[in-house]
Amino acid sequence: MKRKSPRRRGMATRHLVLAIVAIVVALAAVVAFLVYRSTLERPDERDNRMTRNAPDRLSVRQIMVRHPAPEGGGMVWSAIGVPVTAGGMTALGSIVVSAWGDRVAEACGASGKERLSHFFYDERRVAYIDFSPAFLSGCAVGTSGEMELIESLEQTVWANLPGTAGIVLLSGGTPVDAPWRHVDARSGRMPP
C-alpha cells in the first residue's frame, strides 16, 4: 500500500477547509438575499396605513384660501386639498370661493347657510361671484372687516385663478360693490 505524503494530506485538508468556507459564505449570501427580499415583499405596516388613508394625488389639488383666523387672529392663508374637476375655470372657481365662504362662515359663527349661489368665469377672464343673501347677512362685520373680507376674497381668487382680469360680486343675482353694505360703493374695490 502506498502512503500519502504529508504534503498531499495538508493540501487536501486546506482544500476541504476552503470548500467548507466557500459553502458557508454562499449560504450566508443566500440567507441575506432572502431576508432582504422578504422586507421588500412585506412593507412596513405604518407606510401601508398611510398610503391607504392618503388621497390619490392625481385626484386632489391644493388650493390656497385667505380667510379670517379663528378667534380674531387676523387674516391667514390655508392650503386645502380639493378634488380635481373637469369643469375648467368655472368649476375650480366655484370650489375656491365655496372653500373661502366656508372659512369665513366658520370665523363668523354662521353655520348651515348656503354661501355661494353661482360662480361664472367668462371668456374675458372676469369672475362673477353670486353670494347667497343669507350668507352676507350672517356675518356681522364693520367697515374694516368688510374691506379685509373683500381683499381676502380677491387674494384667494387671484392665487388660484391667476389669469383673472376682474371680479364682479353679486348678491341674489344683483351686482353689489359692498356685499356687507359698509364700504363706500364708489371706492371701486372690486373692478368689473
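Residues numbered from 1 in each chain as written. Predicted model: local features only at pLDDT ≥ 70, side-chain atom pairs only at ≥ 80, totals over all residues. Heavy atoms only, no water.

Draft legend 1. Summary view of the pairing of strand β4 (residues 126-131). Among the 6 residues of β4, 5 are classified as buried, and the element is accordingly described as predominantly covered. In the sheet, strand β3 (residues 116-121) pairs with β4 via 5 bridges, with the strands oriented antiparallel. Across the sheet, residue phenylalanine 120 finds its bridge partner in β4, namely tyrosine 128. Linking β3 back to β4 in an antiparallel pair, the connection comprises 4 residues, with arginine 125 at a positive phi of about 65°. Bridge count between β4 and strand β5 (residues 166-171): 6 bridges; the pairing is parallel. (Buried < 20%, exposed > 50% of the residue type's maximum accessible area, 1.4 Å probe, protein only. Helix = DSSP H or I, 4+ residues; strand = E, 2+ residues; numbered from the N terminus. Pairing = 2+ DSSP bridges.)

Draft legend 2. Here's a closer look at helix α3 (residues 88-108). Under the 1.5 Å per step criterion, the end-to-end length of α3 is 30 Å for 21 residues, consistent within 8% with the ideal 30 Å. When we look at burial in α3, the residues that qualify are Leu92, Gly93, Val96, Val97, Ala99, Trp100, Gly101, Val104 and Ala105. (Expected span 1.5 Å × (residues − 1).)

Draft legend 3. Quick look at unusual backbone geometry. Positive phi, close to 65°, is recorded for arginine 125, a residue that is not glycine. Within the secondary structure layout, arginine 125 lies in the loop between β3 and β4.

Draft legend 4. A look at a nonpolar patch on the surface. A cluster of nonpolar side chains, contributed by Val30, Phe33, Leu34 and Tyr36, occupies part of the molecular surface with about 420 Å² of accessible area. The topology assignment puts tyrosine 36 in helix α1 (residues 6-41). (Patch = residues over 30% accessible without salt bridge, like charges linked within 9 Å, V, L, I, M, F, W, Y side chains within 5 Å. Areas by Shrake-Rupley, 256 points an atom, 1.4 Å probe, with all protein chains shown as cover. Salt bridge = Lys/Arg side-chain N within 4 Å of Asp/Glu carboxyl O.)

Draft legend 5. Structural context of the confidence of the model for the chain. The share of residues in the chain with pLDDT of 70 or more is 70%, and the mean pLDDT across the chain is 76. When mean pLDDT is compared element by element in the chain, β4 scores highest at 89, while helix α2 (residues 45-53) scores lowest at 53. Here residues 182-192 scores under 50 on pLDDT; set against residues more than four positions off or in separate chains, the count is 25 contacts. (pLDDT = per-residue confidence, 0-100. Contact = heavy atoms within 4.5 Å.)

Draft legend 6. The arrangement of the nonpolar core in detail. Judged by nonpolar contacts, the single largest core of 26 residues is most densely connected at Ile63, Val97, Trp100, Phe119, Ile129, Phe131 and Leu153. Secondary structure elements with two or more residues in this core: β1 (60-68), β2 (75-83), α3, β3, β4, α5 (143-160) and β5. Residue contributions to this core peak at 7 residues, all from α3. (Core = buried A, V, L, I, M, F, W, Y, C linked by side-chain atoms within 4.5 Å.)

Draft legend 7. Structural context of the packing of aromatic side chains. Counted under the stated rule, the structure contains 2 aromatic pairs. On the numbers, 5.8 Å between centres and 45° between planes, the contact of tryptophan 100 with phenylalanine 131 is tilted. Of the two residues, tryptophan 100 sits in helix α3 while phenylalanine 131 sits in strand β4, which places them 31 residues apart along the sequence. Judged by its relative accessible area of 0%, tryptophan 100 is buried. Under the relative-accessibility criterion, phenylalanine 131 is labelled buried at 1%. Ring geometry for phenylalanine 120 against tyrosine 128: centres 6.4 Å apart, planes inclined by 35°, an arrangement best described as tilted. (Phe/Tyr/Trp six-rings, centres within 6.5 Å; stacked < 30°, edge-to-face > 60°.)

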